[in-house]
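Working through the structure, step by step
So you can see what is in the structure, the chains are spelled out below.
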Amino acid sequence: MTGDSGPNIAVAVVDAETPGNVGTVARAMKNFGLSELLLVDPPELDPDGEAYGFAGQAREDVLPNAREVDFEDLVAEFHTVGCTAITNEDATKHVRYPFATPDELAADLAAVEADTCVVFGRESVGLTNAELARLDQVCAIPASAEYPVLNLGQAATVVCYALRELTVDDAQVPTIDDRAAESAIEGLHDQFAEFLVALGHPAEKRPKAERLWRRLLGRAHPTGREVKTLRGLFRRAGERVEE
């Protein structure tokens, strides 16, 4: 399943070692708008067991609708992305190189029109070199060099989150306003300059104050609502000073 701006994206788990692994992946998928779960050599998934217990609301759709497939089916039917914590350092060993971070992967997949499958391996050892060699892309999550290995549920959550722009049409958080129009921001600069005059700020110090104000707004990227509010405050403050 996908949003309006990307390919159809499925998730596969190869040889999951416990039913709970499958349940946590299903939950991560549900959180970020993915619905097609493919299982290669899965354990038995008892509706009264830990897979469904760990799946949250994904026990109602993602998990019961999961399909068991062969690894060959993934290779034949999808553009595939293998996820691994262990990468090669350069192109001299290319089974696990080059690789994309989850954010880079999201940018890559935005341009892919083919059905895509993100493939996760076993909790303990991940995907084998032989399996990764059959897949089209490699994805790795940057983490501490001292302990870079995430558990399967964590890895799936990070990757699914990074893909959310391709898979989630409507999030529960409100959309943040865009940066205000330049004309409105320039109007705010003008009002700040007028406020300095009304305040009686020394003329020789006004250029520096205006420059500092401009740099501040340049870093802040204020929204239209914020600029409108600030302009109103400066107008009322200026009127109060002149009384």
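Preceding this section is the structure that the text describes.
We now turn to the structure provided with this report.

What about the overall build of the protein?
Of regular secondary structure, the protein possesses 10 helices and 6 strands. Taking all 243 residues of the protein together, 40% fall into the buried category. Residue pairs in contact within the protein that sit at least 24 positions apart in sequence constitute 80% of those at least 6 positions apart. For the protein, the exposed area adds up to about 14,100 Å²; of that, 50% sits on carbon and sulfur atoms.

Describing a nonpolar patch on the surface
A surface patch of nonpolar side chains, about 330 Å² in accessible area, is lined by I86, Y147 and V149. Relative to the helices and strands, I86 is located in the loop between β4 (79-83) and α4 (102-109).

Notes on the pattern of salt bridges
A full pass over the atoms with the stated rule returns 7 salt bridges. Here R122 ties to D15 by a salt bridge, and the two come within 3.0 Å at their closest N and O atoms. Here R122, found in the loop between β5 (116-120) and α5 (129-133), pairs with D15, found in the loop between β1 (9-14) and α1 (19-31); they are 107 residues apart in sequence, far enough to count as distant. Accessibility expressed as a relative area gives 15% for R122, which makes it buried. Under the relative-accessibility criterion, D15 is labelled partly exposed at 29%. Linking D61 and K30 is a salt bridge whose minimum nitrogen-to-oxygen distance equals 2.5 Å. Linking D61 in the loop between α2 (50-54) and β3 (67-68) with K30 in helix α1, this pair joins segments that are 31 residues apart in sequence. You can call D61 partly exposed: its relative accessible area is 26%. A single network of salt bridges, built from pairs that share partners, joins D15, R122 and E131.

Some words on the layout of surface pockets
The volume enclosed by the second largest pocket comes to roughly 350 Å³. Contributing to the lining of the second largest pocket are 22 residues, with C83, T84, A85, G126 and L150 lying nearest its centre. At 3 residues, the largest contribution of residues to the lining of the second largest pocket is made by helix α6 (residues 152-162). Classifying every residue of the lining of the second largest pocket gives 14 nonpolar, 5 polar and 3 charged.

A look at the sheet that holds β5
Spatial ordering of the open sheet is given by β3-β2-β1-β5-β4-β6, a layout of 6 strands whose pairing is parallel. Only two strands of the sheet have a single partner each, and these edge strands are β3 and β6 (137-139). Of the strand pairs in this sheet, β4 and β5 are connected by 4 bridges, and their pairing is parallel. Bridge pairing in β5 links V81 to V118. Packing against the sheet, α1 makes contact with β1 and β2 (37-40), and its axis sits at approximately 160° to β2. Together, β1, β4, β5 and β6 form the strand contacts of α4, whose direction differs from that of β6 by roughly 145°.

Conventions used here
- Residues numbered from 1 in each chain as written.
- Predicted model: local features only at pLDDT ≥ 70, side-chain atom pairs only at ≥ 80, totals over all residues.
- Heavy atoms only, no water.
- Helix = DSSP H or I, 4+ residues; strand = E, 2+ residues; numbered from the N terminus.
- Buried < 20%, exposed > 50% of the residue type's maximum accessible area, 1.4 Å probe, protein only.
- Contact = heavy atoms within 4.5 Å.
- Areas by Shrake-Rupley, 256 points an atom, 1.4 Å probe, with all protein chains shown as cover.
- Patch = residues over 30% accessible without salt bridge, like charges linked within 9 Å, V, L, I, M, F, W, Y side chains within 5 Å.
- Salt bridge = Lys/Arg side-chain N within 4 Å of Asp/Glu carboxyl O.
- 1 Å grid on protein atoms, 1.4 Å probe; cavity = no way out; pocket = protein on both sides within 12 Å on 5 of 7 lines; lining within 4 Å.
- Points joined across faces, edges and corners; volume = space filled by probe spheres on them.
- Nonpolar A, V, L, I, M, F, W, Y, C, P; charged D, E, K, R; others polar.
- Pairing = 2+ DSSP bridges.
- Axes fitted to C-alpha atoms, helices over the stretch in contact; angles between N-to-C directions.

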